[in-house]
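Chain by chain, the residues:
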Amino acid sequence: MEKAITVKELHVSYHGNEAVRDVSFSIEQGSMVGIIGPNGAGKSTLIKALLGLLPKDKGSVRFFGKDPEDMRKKIAYVPQRSNIDWTFPITVMDTVLIGTYPSLGLFKFPRKKEKALALECLRKVGLEDYRDRQIGELSGGQQQRVFLARALVQQPELLLLDEPFVGIDVASEETIVNILKELQQDGKTIVVVHHDLSKAKDYFDQLLLLNKELVKYGDVEAVLNQEVMSKAYANQLRFLQEAEVAL
Amino acid sequence: MMDFLQAVQQYEFLQKALFTSVVVGIICGVIGSFIILRGMSLMGDAISHAVLPGVALSYAFGINFFIGAVATGVLTAVGIGFVSQNSRIKNDTAIGILFTSAFALGIILVTMLKSSTDLYHILFGNVLAVRPSDMWTTVGIGVVVLITVYAFYKELLLTSFDPTIAAAYGLPNKLIHYLLMTLLTLVTVASLQTVGIILVVAMLITPAATAYLLTDRLWVMLCLAGLFGMMSSIVGLYFSFTYNLASGATIVMVATAFFMLAFLFSRKHGIVWKSVRARQKRAQLS
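As recorded in an unreviewed UniProt entry, chain A goes by the name Metal ABC transporter ATP-binding protein, listed as coming from Paenibacillus agilis. The heading Sequence similarities (unreviewed entry) in the UniProt record of chain A holds the text "Belongs to the ABC transporter superfamily."

(A) Structural context of the interface of chain A and chain B. Counting residues at the interface gives 30 residues for chain A, matched by 26 residues for chain B. Between chain A and chain B, a total of about 2600 Å² is buried, with carbon and sulfur atoms accounting for 66% of that surface. A salt bridge links B:K268 to A:E137; the shortest N-O distance between them is 2.4 Å. For the pair chain A and chain B, the interface holds 9 residue pairs in polar contact (both at pLDDT 80 or more). Across the side of chain A that touches chain B, the residue classes break down as 16 nonpolar, 8 polar and 6 charged.

(B) Seen up close, the pattern of salt bridges. Counting across every chain of the model gives 15 salt bridges over all chains. A:D132 is the partner of B:R217 in a salt bridge, and the nearest nitrogen-oxygen pair spans 3.2 Å. One end of the pair, B:R217, is in the loop between helix 11 (196–212) and helix 12 (218–243); the other, A:D132, is in the loop between helix 5 (112–124) and helix 6 (140–153), on a second chain. A relative accessible area of 29% means that B:R217 is categorised as partly exposed. Between A:R150 and B:D162 there is a salt bridge; the shortest N-O distance is 2.9 Å. Taken together, the residues span two chains, with A:R150 in helix 6 and B:D162 in the loop between helix 8 (153–161) and helix 9 (163–168).

(C) Spotlight on the sheet that holds strand 1 (residues 5–14) of chain A. Residues and elements named next belong to chain A. Ordered by their spatial adjacency, 3 strands build an open sheet running 2-1-4, and the pairing between neighbours is antiparallel. Edge positions in the sheet fall to strand 2 (17–27) and strand 4 (58–63), since each has one partner strand and no second. Direction aside, the axes of adjacent strands within the sheet are offset by 25° on average. Of the pairings in the sheet, the one linking strand 1 to strand 4 comprises 5 bridges and is antiparallel in character. Directly across from H11, in strand 4, lies its bridge partner K58. Helix-sheet contacts for helix 1 (residues 43–50) involve strand 1, strand 2 and strand 4, and the interaxial angle to strand 1 is about 115°.

What counts, and at which threshold
- Residues numbered from 1 in each chain as written.
- Chains lettered and ligands numbered in written order.
- Predicted model: local features only at pLDDT ≥ 70, side-chain atom pairs only at ≥ 80, totals over all residues.
- Heavy atoms only, no water.
- UniProt positions renumbered as here; feature names shortened; annotations may be inferred.
- Contact = heavy atoms within 4.5 Å.
- Buried area = accessible area lost by both parts, 1.4 Å probe.
- Salt bridge = Lys/Arg side-chain N within 4 Å of Asp/Glu carboxyl O.
- Polar contact = N/O pair within 3.5 Å; in protein donor to acceptor, adjacent residues only side chain to side chain.
- Nonpolar A, V, L, I, M, F, W, Y, C, P; charged D, E, K, R; others polar.
- Helix = DSSP H or I, 4+ residues; strand = E, 2+ residues; numbered from the N terminus.
- Buried < 20%, exposed > 50% of the residue type's maximum accessible area, 1.4 Å probe, protein only.
- Pairing = 2+ DSSP bridges.
- Axes fitted to C-alpha atoms, helices over the stretch in contact; angles between N-to-C directions.

Following this line, the structure appears as structure tokens:
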């Protein structure tokens, strides 16, 4: 079977600084992978480069053996929540409907079929009663669930999430994790940038430890070992202690 | 009121003025909505001033002023983007530098060429002097603008609301930005005669801001903004005609009056209802 993601010798710089250096890995279909690493390790940069949102200095990225451009429809992305205008005149329902845009293409508008699908996805994240609210009126956790619903509407084969659990409530985190696990059972591939090591063990099958370079990629236990972690987190002791607690 | 209606029936120049300013009001509201949602109000001001050298040159070379205006308007938009992306100069500063220089160049050209362009009319508009050709140019621009917004509604919505996801979906954010800048230039050119260069920005942002206070749905906002733009034009022209006031200024003052009403009384965002709700809340708790 084709790998969900194949990355070869990827180099990316961000604002002129080298952010990702010579990273190669491949991710099996149907796995749930956490990308971890200290602050400034290039985790978000890596995801953005995979999606083509940042230019690559060198290297190649393939999704399911194909060029990323050809796979856009089947790849959903949930970015960090910061880059959004929360006062924009848009309702929760219309935000979720955005997920139907890639498959609709130019000059077509969401109709009954798309709306039914959007509503179903809103129900999955438990927010159908909020469908007519303006997006900024929701709590952080609810907003994140809306963006997950938008990703679900896309009916993706691969989901990339960037720090989805930052600043959200426990219940929302639980809802999101359960949905991700369900998706995984349906054979979808899920990649999450994550920084809370304490839960990494419960959430992921494999971890990819990044510190500009790829430090280690493998099963959770193999990565969360002291020697490996201290290599990446040499300068961030507190983080290392968290990892020890996690083990 | 009856006098005004009679006059409209009687005088062709007034019919043309009314029709032209209604079209301008609608398209200003629609494009203005995207301008304010993208935080580009200053850009609206910039483009409107930047069309002046183009207008002057067009008159000098005897071509339709619309061509020159679009050329210098879009050129300035590109220049602003280039300066702010390729230096440490921030966007608002780049806008300030480029639009004032384009405007200054325009003033020099107008005086140098001593063209038939009446600077005063370009700056402040003179809707009662609208010629049939101007009216049809405006209608043409209006049709192009409304069709384009309808056709690219999804793309305009997404690139305004969430540019990161837009890029992840493969939408060309920059191209859409320049498409919007081109539409903005077209709308500005169409507005020259009704409200003039100086006040175009008011027609772009005031009705749109009024609509923004009244709804949480983009398409409703576009419709309301067009409606407020249209109403401002009609009511403004009425006052202008009845009391012999400058048409552009009167239209803008009416638009501002609508804005004040929404600012005070919008059910969700108006300050009156907000304070009433806050008071009720306090009363409940005490």
